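So the chains spell out like this:
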Amino acid sequence: ETPIIKSLRFINTIETGIELNIKIPRFLIPVRQERFPKYFKPKTNINALFNYQIRPDYERYFLSGSFGYQWKENDYKTHLFTPFQVNIIKIFPDSTFKAQIDALNNRTLQNAYRDHITTSLTYSFIYNTQKINKTEDFIFFRTDAELAGIMFWIINQARNKQGTYSLFGLPYSQYYRIDAEFKYYMVFNQFNSIVYRIYAGYGAPLGKNNVLPFEKSFYMGGANSMRGWRMKTLGPGAYKQPDSLSLEKIGDIALELNLEYRFPIYKYFRGAIFADAGNIWLRKPSTQFPSAVFQLKSFLGELALDAGMGLRADFGYFVLRLDGAVVLKNPANPKYSRWIGQNHNKFELIGNIGIGYPF
C-alpha cells in the first residue's frame, strides 16, 4: 500500500491532470483543403492528456493522445472525426484491494483493474442552437460513436498471431461504444434559467474480451452526475454491494435525467435547485452482481433519485461549484423500501465540489 493511498483513506476521489489542445485552422494531410468550402471552417485537432487519480484503493495514471478533424456543416451543426486515439492506463492497487479482486475470481473485475492500452476511432455530431449575446431558449445535442482495437486485431491476424491481444506488453481492448446527450435551456434572463438534460449510453466488447475497459465503462455519482451519491457508488441496477467490498460501480448501459433551476444570489454568486434520476446496468446477468442486468420490465423501478441545492461562484472565465444533495430513492434497497422514509431510511447529505457547471 503506497503512502499516498494511506494518507487519503478518508477521501473518496482526488483527480488532477493536464491537457494540451492544438487547433490548426485547416485540414492537414491526407485531406486536401480544396475539397471543402471555406464556410466549413475546417480545423485539425491535436490533443494530449495526462490524468492522475487517487482512490482509497489504488492510484491510476492515464495518458492519452489523439489526432482528428473538425468542421461545421452550418451555424448549428458541427462534425468531429478522430481517426486515431491512443490511451495508456497504468494502475497501482493496494495489497488489500488486489487480494479482494483476486479472491472473487471474476474476469470482468480483474480486467477492470489491470494495465491496458486502447486505440480507437471516433465520430461525433453536435447540434447547438445557442446564439452568442442573445438571451433566448436553445438546445444542445451531442452523440459520440467509438470503435476500438480493430487496427491491431487486423495486424495480429495478418501476422498469424491468433488470439494475441497485446501491444508493447500491454493487453489492448476491442469494443464499440455509443452515447448521446440532449439538453434544453429555458432562459428567462441572463441569470435565471431552467436546464433539462437526458443522457444515455451503451457499450459492448468485441472479440474474445468480455468486458469494456475500465475507463470506457459508464458510472454515476459525483459532482457531474447523480449528486446524491459519491463518485462511482451507484448501481449497477438494484445490486447491493456487501459492506466487506469497496469496488467501484461500473456498467455497460447508462441512463440519466437531470433538472436544474439556476438563479442569481449576489454579484458573482449563483444558486441552483436540482433533481437527478438515473442508473447504470450490465448487459448480461452476472453471479457476482445479482439484480444488475438491464431489463425493460424493471429498469424504471431501478432509477435512483436525488435532489439538492447548489452554490456557485461564477467569474465568467472560472466557476467554482458546491452542490449538496440527498438520496430520495435508492434502488439497492429492498423493492418496497427504496424511498427515503420507508422502513426507517434516513436522509444523508452528500457534498460535491466541482469546477464549471455540471451540464
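Notes on the structure in this doc start here.

What counts, and at which threshold
Residues numbered from 1 in each chain as written. Predicted model: local features only at pLDDT ≥ 70, side-chain atom pairs only at ≥ 80, totals over all residues. Heavy atoms only, no water. Helix = DSSP H or I, 4+ residues; strand = E, 2+ residues; numbered from the N terminus. Buried < 20%, exposed > 50% of the residue type's maximum accessible area, 1.4 Å probe, protein only. Contact = heavy atoms within 4.5 Å. Areas by Shrake-Rupley, 256 points an atom, 1.4 Å probe, with all protein chains shown as cover. Phe/Tyr/Trp six-rings, centres within 6.5 Å; stacked < 30°, edge-to-face > 60°. Arc of directions from axis to C-beta. Salt bridge = Lys/Arg side-chain N within 4 Å of Asp/Glu carboxyl O. Core = buried A, V, L, I, M, F, W, Y, C linked by side-chain atoms within 4.5 Å. Pairing = 2+ DSSP bridges. Polar contact = N/O pair within 3.5 Å; in protein donor to acceptor, adjacent residues only side chain to side chain.

## A look at the overall build of the protein chain
Regarding its fold elements, the protein chain presents 4 helices and 15 strands. Every one of the 359 residues in the protein chain was classed for burial, and the buried ones make up 48%. Put simply, 66% of the contacts in the protein chain that link residues at least 6 apart link residues at least 24 apart. Total accessible area on the protein chain is roughly 19300 Å²; 61% of this is exposed by carbon and sulfur atoms.

## With respect to the packing of aromatic side chains
All chains considered together, the criterion is met by 17 aromatic pairs. With centroids separated by 5.5 Å and ring planes inclined at 80°, the aromatic side chains of Phe67 and Tyr69 adopt a geometry described as edge-to-face. Owing to a relative accessible area of 23%, Phe67 belongs among the partly exposed residues under this scheme. Assessed through its relative accessible area of 7%, Tyr69 is described here as buried. With centroids separated by 5.1 Å and ring planes inclined at 35°, the aromatic side chains of Phe294 and Phe299 adopt a geometry described as tilted.

## Focus: helix α2 (residues 95-104)
For α2, every residue scored as buried is listed here: Phe97, Gln100 and Ile101. Buried residues in α2, looked at end-on, bunch into an arc of 95°, giving them a common side.

## Details of the pattern of salt bridges
Think of it this way: side chains of opposite charge can pair up when their charged atoms draw near. Applying the stated rule across the entire model yields 17 salt bridges. Linking Lys216 and Glu146 is a salt bridge whose minimum nitrogen-to-oxygen distance equals 3.3 Å. With Lys216 in the loop between β10 (193-205) and β11 (253-266) and Glu146 in strand β6 (residues 138-148), this residue pair connects regions lying 70 residues apart in the sequence. Taking relative accessible area as the criterion, Lys216 reaches 14% and is therefore assigned buried. Its relative accessible area of 10% is what places Glu146 among the buried residues. Between Arg227 and Asp323 there is a salt bridge; the shortest N-O distance is 3.4 Å. With Arg227 in the loop between β10 and β11 and Asp323 in strand β14 (residues 319-329), the pair connects residues that are 96 residues apart, well separated along the chain.

## A few points about the nonpolar core
The biggest cluster of nonpolar side chains holds 15 residues, and the ones touching the most others in it are Tyr58, Phe97, Ile101, Tyr113, Phe214, Leu247 and Phe289. Elements supplying a minimum of two residues to this core: α2 and α3 (107-112). Core analysis: the second largest hydrophobic core is formed by 11 residues, Tyr199, Ala254, Ala304 and Ile340 among them.

## Quick word on the pairing of strand β15 (residues 349-355)
Taking every second residue as pointing to the same face, the buried face of β15 carries Ile350, Asn352 and Gly354, while none of Leu349, Gly351, Ile353 and Ile355 on the other face is buried. As defined by bridge partners, β14 adjoins β15 across 7 bridges and the pair is classed as antiparallel. Looking at β15, one finds that Gly324 is bridged to Gly351.

## Points about the environment of Asn258
In this fold, Asn258 is placed in strand β11. Measuring from C-alpha to C-alpha, the distance between Asn258 and Leu305 comes to 9.8 Å, with 47 residues separating the pair along the chain. When neighbours within four sequence positions are excluded, Asn258 is seen to be in contact with Val195, Tyr196, Arg197, Ser225, Ala275, Asp276 and Phe359. One polar contact links Asn258 to Arg197, side chain to side chain, over a distance of 2.8 Å. Reaching out from Asn258, the side chain makes a polar contact with the side chain of Asp276 at a distance of 2.8 Å.

## Side note on the pairing of strand β13 (residues 304-314)
By the bridge criterion, 10 bridges tie strand β12 (residues 269-281) to β13 in an arrangement that is antiparallel. Bridging across to β13, Ile273 finds its partner in Met309. Two strands pair when backbone bridges link them, and β13 and β14 are joined in this way by 10 bridges, in the antiparallel orientation. Paired with Asp314 across the strands is Val319, a residue of β14.

## Re unusual backbone geometry
The omega angle of the peptide bond from Gly235 to Pro236 is -10°, so this bond is cis rather than trans. With a phi close to 60°, Lys232 is a non-glycine residue in the positive phi region. Structurally, Lys232 is set in the loop between β10 and β11. On the basis of relative accessible area, Lys232 is assigned to the buried category, the value being 6%. We note that Ser291 has phi near 65°; this positive angle belongs to a residue other than glycine.

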